[in-house]
Amino acid sequence: MMIALAAAGFAIAGLCAVYRVVRGPSLADRVIAVEVALVSLAGGIVTDATNRDSHTLLAIITVIALVGLAGTFAASRFLERDAERSASGERTTR
């Protein structure tokens, strides 16, 4: 019962994050939504691994966490650089 409830919670959080990725008003909102989606995916995998009493999925969870971290760092650097260009008056091509 508790595992089904946790899985449903992670699924709802993932769907909300996907909605924010599609409809997010800014790039920063989309980056945060992707991070939330990855955390929800990792939580769902942990819930499934706990249900199966399996340790083989820990490598997948580690990769998801590292990809999410690297993506967030890269996006934050991009956003920071874009903000610095906007503050200095440089023209950006889009």
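Residues numbered from 1 in each chain as written. Predicted model: local features only at pLDDT ≥ 70, side-chain atom pairs only at ≥ 80, totals over all residues. Heavy atoms only, no water.

A. The arrangement of unusual backbone geometry in detail. Of note, D53 is a non-glycine position whose phi angle comes to about 55°, a positive value. Residue position: D53 is located in the loop between α2 (27-52) and α3 (58-88). Residue D53 is classed as exposed on the basis of its relative accessible area of 65%. (Helix = DSSP H or I, 4+ residues; strand = E, 2+ residues; numbered from the N terminus. Buried < 20%, exposed > 50% of the residue type's maximum accessible area, 1.4 Å probe, protein only.)

B. Spotlight on a nonpolar patch on the surface. Together, L66, L69 and F73 make up an exposed nonpolar region whose accessible area comes to about 310 Å². Along the chain, the position of L66 falls in helix α3. (Patch = residues over 30% accessible without salt bridge, like charges linked within 9 Å, V, L, I, M, F, W, Y side chains within 5 Å. Areas by Shrake-Rupley, 256 points an atom, 1.4 Å probe, with all protein chains shown as cover. Salt bridge = Lys/Arg side-chain N within 4 Å of Asp/Glu carboxyl O.)

C. The arrangement of the nonpolar core in detail. Within the largest apolar cluster, six residues are counted, these being A42, I45, A49, L57, I61 and I64. Among the elements of the structure, α2 and α3 are those that each provide at least two residues to this core. Sorting elements by how many residues they give to this core places α2 first, with three residues. Beyond its immediate sequence surroundings of up to four residues, I64 is in contact with L38, L41, A42 and I45. (Core = buried A, V, L, I, M, F, W, Y, C linked by side-chain atoms within 4.5 Å. Contact = heavy atoms within 4.5 Å.)

D. Inspection of the confidence of the model for the protein chain at higher detail. Considering every residue of the protein chain, the mean pLDDT works out to 90; 95% of them sit at 70 or more. By mean pLDDT, the top-scoring element of the protein chain is helix α1 (residues 2-23) (95), and the lowest-scoring one is α3 (89). (pLDDT = per-residue confidence, 0-100.)

E. Quick peek at α2. The terminal C-alpha atoms of α2 lie 37 Å apart, and with 26 residues this matches the ideal 38 Å at 1.5 Å per residue to within 8%. Listed in full, the buried residues belonging to α2 are V31, A33, S40, A42, G43, I45, T47 and A49. Where α2 is buried, its residues touch α1 and α3. D53 occupies a position one or two residues after α2 and carries a positive phi of about 55°. (Expected span 1.5 Å × (residues − 1).)

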